[in-house]
Amino acid sequence: ATIVTLAVLLLALLPLSGALILVGRELYSAGKELTETDWREEPLIADALQFVKERVSAADWNEWRSSASRAVEGVTLEIYNRTIVLLSNVVSFVVGMAIVVLGLFYFLAEGPTLLQTLQRISPLKDADEVALFEEFDRVCRGVVLACVACALAQATLAGIGFVVIGVARVW
């Protein structure tokens, strides 16, 4: 039970952790670049600012600056709020994953005992319970096998489609 639980945990969490780390690094570097860049020194921005300054009055220019400042503050506040929601979702995911891992471990370790206890407290006849458990086992195995087969078929067809339309580095 421990080996299977650890294997499932590693197979599920390692790729997810790697992807989250890559996304986090990219977001951090993009945010750092955005905050460290003096956009007024960029040629296109500087030309646009100069063009606008020459054609509007000082009062209008100050109004536009304050309006732009309020817009940036609003965007910053929205990003902050969404970051808080994201962190909350990550914490919920981690707690949920811990519950799933603990449940998986105990179902694997104590499965037969749980089944015997369920049979003992069930009002059904033993033969009916066995038939139900066997049918449940058959259906669960079929669903898992169908999901794996469907995923393989989708990946194969997507790969073929990508090659046909010329996407680089598909294989």
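How each quantity is defined
- Residues numbered from 1 in each chain as written.
- Predicted model: local features only at pLDDT ≥ 70, side-chain atom pairs only at ≥ 80, totals over all residues.
- Heavy atoms only, no water.
- Helix = DSSP H or I, 4+ residues; strand = E, 2+ residues; numbered from the N terminus.
- Rg over C-alpha atoms; globule rule 2.2 N^0.38 Å.
- Buried < 20%, exposed > 50% of the residue type's maximum accessible area, 1.4 Å probe, protein only.
- Contact = heavy atoms within 4.5 Å.
- Areas by Shrake-Rupley, 256 points an atom, 1.4 Å probe, with all protein chains shown as cover.
- Lys, Arg positive; Asp, Glu negative; His and termini not counted.
- Charge placed at Lys NZ, Arg CZ, Asp CG, Glu CD.
- Axes fitted to C-alpha atoms, helices over the stretch in contact; angles between N-to-C directions.
- Parallel < 35°, antiparallel > 145°, perpendicular 65-115°, else oblique.
- Left-handed = near helix turned anticlockwise from the far one by under 90°.
- Nonpolar A, V, L, I, M, F, W, Y, C, P; charged D, E, K, R; others polar.
- pLDDT = per-residue confidence, 0-100.

Caption draft 1: Expanded view of the overall build of the chain. What the chain contains, in helices and strands, is 4 helices and 0 strands. Taken over C-alpha atoms, the radius of gyration comes to 29 Å for the chain, far larger than the 16 Å a tight globule of 171 residues would show. Taking the principal axes of the C-alpha coordinates as reference, the chain spans close to 90 × 45 × 30 Å. The buried share of the chain, reckoned over its 171 residues, is 4%. In the chain, of all internal contacts separated by at least 6 residues, the share reaching a separation of at least 24 is 38%. Of the roughly 14,400 Å² of accessible surface on the chain, a fraction of 70% belongs to carbon and sulfur atoms. In the chain, 13 side chains carry a positive charge and 19 a negative one; their mean positions are 2 Å apart.

Caption draft 2: Representation of the packing of helix H1 (residues 2-36) against helix H3 (residues 58-121) within the structure. H3 packs onto H1 with a crossing angle of 155° between their chain directions and a minimal axis gap of 8 Å. Comparing the axis directions of H1 and H3 gives the class roughly antiparallel. Along this stretch, H1 crosses H3, giving a crossing that reads as right-handed. Each of Thr 2, Val 4, Thr 5, Val 8, Leu 9, Leu 13 and Leu 16 in H1 lies in contact with H3, whose residues at this interface are Phe 93, Met 97, Val 101, Leu 104, Phe 105 and Leu 108. Residue composition of the contact of H1 with H3, by class: 11 nonpolar, 2 polar and no charged.

Caption draft 3: A look at the packing of H3 against helix H4 (residues 126-165). Taken N-terminus to C-terminus, the directions of H3 and H4 make an angle of 140°; their axes are 10 Å apart at the nearest point. As judged from the angle between their axes, H3 and H4 are oblique. In the crossing of H3 with H4, the sense of the turn from one axis to the other is right-handed. Contacts from Leu 115, Leu 118 and Gln 119 of H3 reach H4 at Glu 129, Val 130 and Phe 133. Considering only residue class, the contact of H3 with H4 consists of 4 nonpolar, 1 polar and 1 charged.

Caption draft 4: Representation of the confidence of the model for the chain. With 100% of its residues at a pLDDT of 70 or more, the chain shows a mean pLDDT of 86. H4 holds the highest mean pLDDT among the elements of the chain, 94, whereas H1 holds the lowest, 81.

Caption draft 5: Seen up close, the environment of Glu 54. Along the polypeptide, Glu 54 turns up in helix H2 (residues 43-55). You can call Glu 54 exposed: its relative accessible area is 53%. For the pair formed by Glu 54 and Ala 146, sequence separation is 92 residues and the distance between their alpha carbons is 67 Å.

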